[in-house]
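The chain contents come next:
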Amino acid sequence: MSIAESTTRFSSTGNGVTTNFTFSCPYVDPDDIRVVLVVIATGVEEPQTRGVHYDVVGSGLANGVYASASVNFNTAPPS
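Quick summary incoming for the structure in this document. (Residues numbered from 1 in each chain as written. Predicted model: local features only at pLDDT ≥ 70, side-chain atom pairs only at ≥ 80, totals over all residues. Heavy atoms only, no water.)

### Points about the overall build of the protein
Right, on to step 1. Broken down by element type, the protein carries 0 helices and 5 strands.
Right, on to step 2. Each helix and strand of the protein, ordered N terminal to C terminal, gives the series β-β-β-β-β.
Right, on to step 3. In the protein, the share of contacts with a sequence separation of at least 24, taken over all contacts with a separation of at least 6, comes to 52%.
Right, on to step 4. Per element, the accessible surface of the protein, about 5,700 Å² overall, is 50% carbon and sulfur. (Helix = DSSP H or I, 4+ residues; strand = E, 2+ residues; numbered from the N terminus. Contact = heavy atoms within 4.5 Å. Areas by Shrake-Rupley, 256 points an atom, 1.4 Å probe, with all protein chains shown as cover.)

Encoded structure:
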């Protein structure tokens, strides 16, 4: 089974407390997920690194494809 390449964006707003953000979108490898923090006031993008800033936990594995994931930050993104 193959998945067509596509770009899907999910956006959540940090509150300085929440560290886990979930989304539903099929993916094969955690490296397929790109996490970027955006400073709302300035629009400055801060790319995050898996294993340093966050980890990904997939769920709903079927035929080698995850149906959803949780991005778990080591430190809660600020408000």
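### Some words on the pattern of salt bridges
Right, on to step 1. In this structure the tally under the stated criterion is 1 salt bridge.
Right, on to step 2. Salt-bridge contacts for Asp 31 lead to Arg 50; the nearest nitrogen and oxygen are separated by 2.8 Å. Here Asp 31 is found in the loop between strand E1 (20-27) and strand E2 (36-38), whereas its partner Arg 50 is found in the loop between strand E3 (45-47) and strand E4 (54-59), with 19 residues between them in sequence.
Right, on to step 3. In this structure Asp 31 comes out as exposed when scored by relative accessible area, which is 56%. (Salt bridge = Lys/Arg side-chain N within 4 Å of Asp/Glu carboxyl O. Buried < 20%, exposed > 50% of the residue type's maximum accessible area, 1.4 Å probe, protein only.)

### Thoughts on the sheet that holds E4
Right, on to step 1. With antiparallel pairing, the 3 strands of this open sheet are ordered in space as E1-E5-E4. The sheet terminates laterally at E1 and E4, the two strands that pair on one side only. On average, each strand axis in the sheet is tilted by 25° relative to the strand beside it, whichever way the strands run.
Right, on to step 2. One ladder, built from 6 bridges, connects E1 with strand E5 (residues 66-73); its direction is antiparallel. The residue bridging Asn 20 from the neighbouring strand is Asn 72, located in E5. (Pairing = 2+ DSSP bridges. Axes fitted to C-alpha atoms, helices over the stretch in contact; angles between N-to-C directions.)

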